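For reference, the chains in residue letters:
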Amino acid sequence: MMKKNYNIIGVMSGTSLDGLDLAYLNFSLNGEWTYKIIKAETVSYSVDWLENLTNLINFSPEKLAVLDKEYTVYLSEIILKFILKHQLKNIDAVCSHGHTALHKPQNGVTYQIGNLPELATLLKKTVVCNFRVQDVKFGGQGAPLVPIGDLLLFNNFNACINLGGFSNISKTVNNQRIAFDICPVNIILNHYVSRIGLKYDNKGAIALKGSINQSLLLELNQLEFYLKPHPKSLGLEWVKEIIFPIIDSYCLKLEDILCTVVEHIAYQISLQIKSLTTVLFTGGGVYNSFLMARIKHFTTAEIIIPDNKLIEFKEALIFGFLGVLKLRNENNCLASVTGAVKNHSSGNIFY
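Bear in mind the structure is a predicted one, so any value in this text is a computation, not a measurement.

*Asks:* What is the right way to read the overall build of the chain from this model?
*Replies:* Within the chain, the regular secondary structure consists of 13 helices and 13 strands. Relative to its length of 351 residues, the chain is compact, with a C-alpha radius of gyration of 19 Å against a globular reference of 20 Å. Principal-axis analysis of the C-alpha atoms places the extent of the chain at approximately 60 × 45 × 40 Å. Relative to its 351 residues, the chain shows a buried fraction of 57%. Restricting the contact set of the chain to residue pairs at least 6 apart, pairs at least 24 apart contribute 69%. Of the roughly 15,400 Å² of accessible surface on the chain, 51% is carried by carbon and sulfur atoms. Charge separation in the chain, taken as the distance between the mean sites of 32 positive and 29 negative side-chain charges, equals 6 Å.

Written out as structure tokens, the structure reads:
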């Protein structure tokens, strides 16, 4: 008989490079799935790893292969410290996203480092990982993968939006779950404040002091990506090739760049929620008070901001849940979301 209760460690590393999110989770099935976030923390990356992860797309295949092994060992060390610190005894599996090195699904490529079988050996635990590759092989975008969790764990909201390196939305339209990346968020904002030695613009305080450059705003809002139908997803490569050159061509003051980008983000998000009534927002971008105020300015939807644990660890929670579904050999990847040829159970299980 299949289990109905799982204790899982969910591990997530996102494009905003805030650090490695770890969460000890419980999932229980009693008609519907319920969850508990029991312990959770974010481990900041070292300066060396920050530099490596920022430059992944510039490395040769040989260099990436070496970093993949090193990152797998690094992950195992952090996860083992988490287990020891919280004295976690009952663990059915560690479910890890890895860190995205390459994501060009249009070329049939997606590659996350830290998903090697050695992770299970080092942890002496069952590991479920590498969730994106199979979907790309099936013709999908390999992203976003969170919507199955939104559907099964958060179906009391019209939509769920994550504000991380990128913003993405998950919602049900015509009885079908759809999801897609909306626009870049922290991947741009953090890039520009790093020039003055900051990791992020606290509460949007610098952006608040700036003025909107209407020409830049118009150019950003007219980008081809926004006209494309879903499924669609974004990667760091696109931001470096398209967004940064446009912004840099304007030679603006930092506060004006941030103010204009915040307005762009808020406007693009508002277009996706204008017909909705309740929207759950999570991710680090929720702490940007100025950004949230601009989103509220553009919409009549009720913006729901949950407790800090869910804001910060929802993606770790859902990748943990994707691992549970994989262990049960149940679909954890929706064709309606990614554009794959079929729904499927994605990921590798290493014992």
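*Asks:* I would appreciate a short explanation of the pattern of salt bridges in the present structure.
*Replies:* Oppositely charged side chains are able to pair whenever their charged atoms sit close together. Per the counting criterion, the structure on display carries seven salt bridges. With its nearest N and O atoms 3.0 Å apart, the salt bridge here joins Arg328 to Glu330.

*Asks:* How should the nonpolar core be read in this particular structure?
*Replies:* As a rule of thumb, soluble globular proteins bury nonpolar side chains together. Leu163, Ile273, Phe281 and Ile295 are the most contacted members of the largest nonpolar core, which has 51 residues in total. Sort the elements by how many residues they give to this core and helix α10 (residues 254-273) lands first, with 10 residues. Discounting chain neighbours no more than four positions away, the residues touching Phe281 are Ile161, Leu163, Ile269, Ile273, Val286, Met292, Ile295, Ile303, Ile304, Ile305 and Pro306. Among the nonpolar cores identified, the runner-up in size contains 34 residues, and Tyr6, Val128, Leu280 and Leu317 belong to it.

*Asks:* Just checking my understanding: could you explain the sheet that holds strand β2 (residues 20-30) for this structure?
*Replies:* Within a sheet, neighbouring strands are paired by backbone hydrogen bonds and run either parallel or antiparallel to one another. Taken in spatial order, the six strands line up as β3-β2-β1-β4-β7-β13 in an open sheet, and their pairing is mixed. Among the strands making up the open sheet, the edge pair consists of β3 (32-43) and β13 (348-350). When strand polarity is set aside, the average angle formed by the axes of neighbouring strands in this sheet is 25 degrees. As paired strands, strand β7 (residues 127-129) and β13 are joined by three bridges and run antiparallel to one another. Of the residues in β13, the one forming a bridge with Val127 is Phe350. Those strands touched by helix α2 (residues 61-85) are β1 (5-13), β2, β3 and β4 (93-96), and its axis lies near 65 degrees from that of β2.

*Asks:* In this structure, what is going on with the sheet that holds strand β11 (residues 278-282)? I would like to understand it.
*Replies:* Taken in spatial order, the five strands of this open sheet run β10-β9-β8-β11-β12, and their pairing is mixed. Strands at the two margins of the open sheet, each flanked by one partner only, are β10 (176-184) and β12 (302-304). Each adjacent strand pair in this sheet contributes to an overall mean axis angle of 20 degrees, direction not counted. Two strands pair when backbone bridges link them, and strand β8 (residues 159-163) and β11 are joined in this way by four bridges, in the parallel orientation. Bridging across to β11, Ile161 finds its partner in Phe281. Along the sheet face, α10 touches β8, β9 (166-173), β10, β11 and β12 and points at about 165 degrees away from the line of β10.

*Asks:* Just to check I follow, could you spell out the packing of aromatic side chains for this structure?
*Replies:* To describe a pair of aromatic rings, you give the distance between the ring centres and the angle between the ring planes. Applying the stated criterion across every chain yields a total of 14 aromatic pairs. Taken together, the aromatic side chains of Tyr6, Phe27, Trp33 and Phe321 make up a single cluster linked through ring pairs. Directly above the aromatic system of Phe225 lies the positively charged group of Lys232, at a separation of 4.5 Å from the ring centroid.

*Asks:* Explanation requested: the pairing of β1 in the structure shown.
*Replies:* Each regular strand shows side chains that alternate between the opposite faces of the sheet. When you tally the buried positions in β1, you get eight out of nine residues, the bulk of the element. Bridge analysis of β1 against β2 gives nine bridges, and the strand direction is antiparallel. Considered in β2, the bridge of Val11 is made with Leu22. Between the end of β1 and the start of β2, which pair antiparallel, lie six residues, with Leu17 showing a positive phi angle near 60 degrees.

*Asks:* Help me understand helix α11 (residues 289-298), please; the structure alone is not making it clear to me.
*Replies:* Given 3.6 residues to a turn, an α-helix orients residues that are three or four positions apart in the same direction. What α11 keeps buried is the set Phe290, Leu291, Met292, Arg294 and Ile295. Where α11 is buried, its residues meet β8, α7 (205-209), α10, β11 and β12.

*Asks:* Hey, could you run me through the packing of helix α8 (residues 214-221) against helix α9 (residues 236-248) in this one?
*Replies:* In a packed pair of helices, the relevant descriptors are the angle between the two axes and the axis-to-axis distance. It is at 10 Å that the axes of α8 and α9 come closest, and there the two elements cross at 165 degrees. It follows that α8 is roughly antiparallel to α9 by the angle criterion. As α8 packs across α9, the resulting crossing turns out to be right-handed. Residues Leu216, Glu219 and Leu220 of α8 touch α9, and the partners they reach there are Ile243, Ile246 and Ile247. The residue makeup of the contact of α8 with α9, split by class, is five nonpolar, no polar and one charged.

How each quantity is defined
- Residues numbered from 1 in each chain as written.
- Predicted model: local features only at pLDDT ≥ 70, side-chain atom pairs only at ≥ 80, totals over all residues.
- Heavy atoms only, no water.
- Helix = DSSP H or I, 4+ residues; strand = E, 2+ residues; numbered from the N terminus.
- Rg over C-alpha atoms; globule rule 2.2 N^0.38 Å.
- Buried < 20%, exposed > 50% of the residue type's maximum accessible area, 1.4 Å probe, protein only.
- Contact = heavy atoms within 4.5 Å.
- Areas by Shrake-Rupley, 256 points an atom, 1.4 Å probe, with all protein chains shown as cover.
- Lys, Arg positive; Asp, Glu negative; His and termini not counted.
- Charge placed at Lys NZ, Arg CZ, Asp CG, Glu CD.
- Salt bridge = Lys/Arg side-chain N within 4 Å of Asp/Glu carboxyl O.
- Core = buried A, V, L, I, M, F, W, Y, C linked by side-chain atoms within 4.5 Å.
- Pairing = 2+ DSSP bridges.
- Axes fitted to C-alpha atoms, helices over the stretch in contact; angles between N-to-C directions.
- Phe/Tyr/Trp six-rings, centres within 6.5 Å; stacked < 30°, edge-to-face > 60°.
- Lys NZ or Arg CZ within 6 Å of the ring centre and 35° of its normal.
- Parallel < 35°, antiparallel > 145°, perpendicular 65-115°, else oblique.
- Left-handed = near helix turned anticlockwise from the far one by under 90°.
- Nonpolar A, V, L, I, M, F, W, Y, C, P; charged D, E, K, R; others polar.

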